[in-house]
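# Survey of secondary and tertiary structure
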Amino acid sequence: MTITRVQPFRHCSTLLPASLAGLPLALLKATALELVILAGHLLLYPSGITQERRTAPPPPPDAPRLPANDKPPVLLLHGFIDNRSVFVLLRRNLAQHGRQHLESLNYSPLTCDIRTAAELLGRHIEEICERTGHDRVDVVGHSLGGLIARYYAQRLGGDACVRTLVTLGTPHSGTRVAPLADAHPIVRQMRPGSDVVAELREPAPGCRTQFVSFWSELDQIMDPVETACVDHPDLIAQNVRVSGIGHLALPVHPAVATAIRQALDLAAPGMSSAGSADGLTVA
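Residues numbered from 1 in each chain as written. Predicted model: local features only at pLDDT ≥ 70, side-chain atom pairs only at ≥ 80, totals over all residues. Heavy atoms only, no water.

### Here's the deal with the pairing of strand β1 (residues 74-77)
- Side chains V74 and L76 of β1 all project onto a buried face; the interleaved residues L75 and L77 project onto the opposite face, where all are buried too.
- For β1 and strand β2 (residues 102-105), the ladder comprises four bridges, and the chain directions are parallel. The residue of β2 that forms the bridge with V74 is L102.
- Regarding topology, helix α2 (residues 88-96) serves as the crossover connection from β1 to the parallel β2, and that connection is right-handed.
- Bridge analysis of β1 against strand β3 (residues 137-142) gives four bridges, and the strand direction is parallel. Bridge pairing in β3 places L76 opposite V140. (Buried < 20%, exposed > 50% of the residue type's maximum accessible area, 1.4 Å probe, protein only. Helix = DSSP H or I, 4+ residues; strand = E, 2+ residues; numbered from the N terminus. Pairing = 2+ DSSP bridges. Right-handed = clockwise from strand over helix to strand, strands pointing away.)

Dropping the structure here:
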């Protein structure tokens, strides 16, 4: 699998204070990029509030299923207090490289339970399969979206319908960031000691979904950052370390988009389990 590498940010060290050398400088650059992306996303946010229109009619009941080598649909699932507009650039990248069935799903910002959201996701995926004639779909989930999709695939039998799940900055083992946000029940479910996280640690023998998790050492939403890795002995998983960018950049950065596309295109049975944080690197 070929990974596009982002050129490192370079400055003359003599022009910078010593406190900005090394990792602090990388963090400063990543934070600046996060602010730029946040500003752009706030402009796009209104365009993604409504659900996506779907005009393609379902195939007739006697229509043959599509061949296995035909690329499955890709469903994009956003993170907490967000909407489908976060995937504008990723969606364009996938479409330009042959993905014809691309859909985004908005779940309600009032969603208070990951389990309920996973059940709704499952019904939506079943509808996509019926409408497109595919047996399975690929899912790309950012942050909370990845956790909802994982719960569906691992705990609700969704591995029969989800071929590959790509997660971007998803708190698979729970995150301790922003303790004041615990007033929201879905935030409490994303904590390390929650019942949902405990359920995801339980055995999952025979789970057919392949997991590819992208994580960044500069992701300020993941605490600790390794929580964005899939670490489960029963899951077919690969963890991809992303260097130099933060949480909001994961679904936006072109190098990550290329790696996501390659992960979906090359996904096949036999991916090695990679429970450690030392996976492939986009640097």
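### What about the packing of α2 against helix α7 (residues 254-266)?
- Running from amino to carboxyl end, α2 crosses α7 at an angle of 50°, the nearest separation of the two axes being 10 Å. On the basis of the axis angle, α2 is oblique to α7. The way α2 lies across α7 gives a crossing that is right-handed. Residues L90, N93 and L94 of α2 form the contact with α7, whose participating residues are A257, T258, I260, R261 and L264. (Axes fitted to C-alpha atoms, helices over the stretch in contact; angles between N-to-C directions. Parallel < 35°, antiparallel > 145°, perpendicular 65-115°, else oblique. Left-handed = near helix turned anticlockwise from the far one by under 90°. Contact = heavy atoms within 4.5 Å.)

### Examining the environment of P46
- Among the structural elements, P46 can be located in the loop between α1 (23-44) and β1.
- Among the residues examined, P46 registers a relative accessible area of 52% and is labelled exposed.
- Considered as a pair, P46 and N83 are 37 residues apart in the sequence and their alpha carbons are 9.0 Å apart.

### Some words on the nonpolar core
- Formed by 34 residues in total, the largest nonpolar core has its most connected members in I114, L121, I125, V139, L144, I148 and F211.
- Only β1, α3 (114-132), β3, α4 (144-155), β4 (162-168), α5 (185-188) and α6 (195-201) provide two or more residues apiece to this core.
- In this structure V139 touches L75, I125, A149, V162, T164, L165 and V166, once residues within four positions along its chain are discounted. (Core = buried A, V, L, I, M, F, W, Y, C linked by side-chain atoms within 4.5 Å.)

### Thoughts on the pattern of salt bridges
- All told, the structure shown has 13 salt bridges when counted by the stated rule.
- One salt bridge in this structure joins D265 and R99, with 3.3 Å as the shortest N-O distance. Placement of D265 in helix α7 and of R99 in the loop between α2 and β2 is noted, with a sequence separation of 166 residues between them.
- For D265, a relative accessible area of 35% gives the class partly exposed.
- Since its relative accessible area comes to 4%, R99 is described here as buried.
- Linking R115 and E199 is a salt bridge whose minimum nitrogen-to-oxygen distance equals 2.8 Å. Of the two residues, R115 sits in helix α3 while E199 sits in helix α6, which places them 84 residues apart along the sequence.
- One continuous salt-bridge network, built from bridges that share partners, spans K71, R99, D138, R163 and D265. (Salt bridge = Lys/Arg side-chain N within 4 Å of Asp/Glu carboxyl O.)

### Quick word on unusual backbone geometry
- In this structure, the amide linkage connecting D223 to the following residue, P224, adopts the cis form with an omega of 0°.
- Note on placement: P224 falls in the loop between β5 (210-216) and β6 (236-242).
- Unusually for a residue other than glycine, A178 sits at a positive phi of about 50°.
- Position of A178 among the secondary structure elements: in the loop between β4 and α5.

### Comments concerning the confidence of the model for the protein chain
- Confidence in the prediction of the protein chain, expressed as mean pLDDT, is 84, and 79% of residues score 70 or more.
- Here residues 1-21 is a poorly scored stretch, pLDDT under 50, and it has 27 contacts once near neighbours within four places are set aside; other chains count.
- Predicted confidence for residues 272-280 stays below pLDDT 50, and this span has 22 contacts to residues more than four positions away or in other chains. (pLDDT = per-residue confidence, 0-100.)

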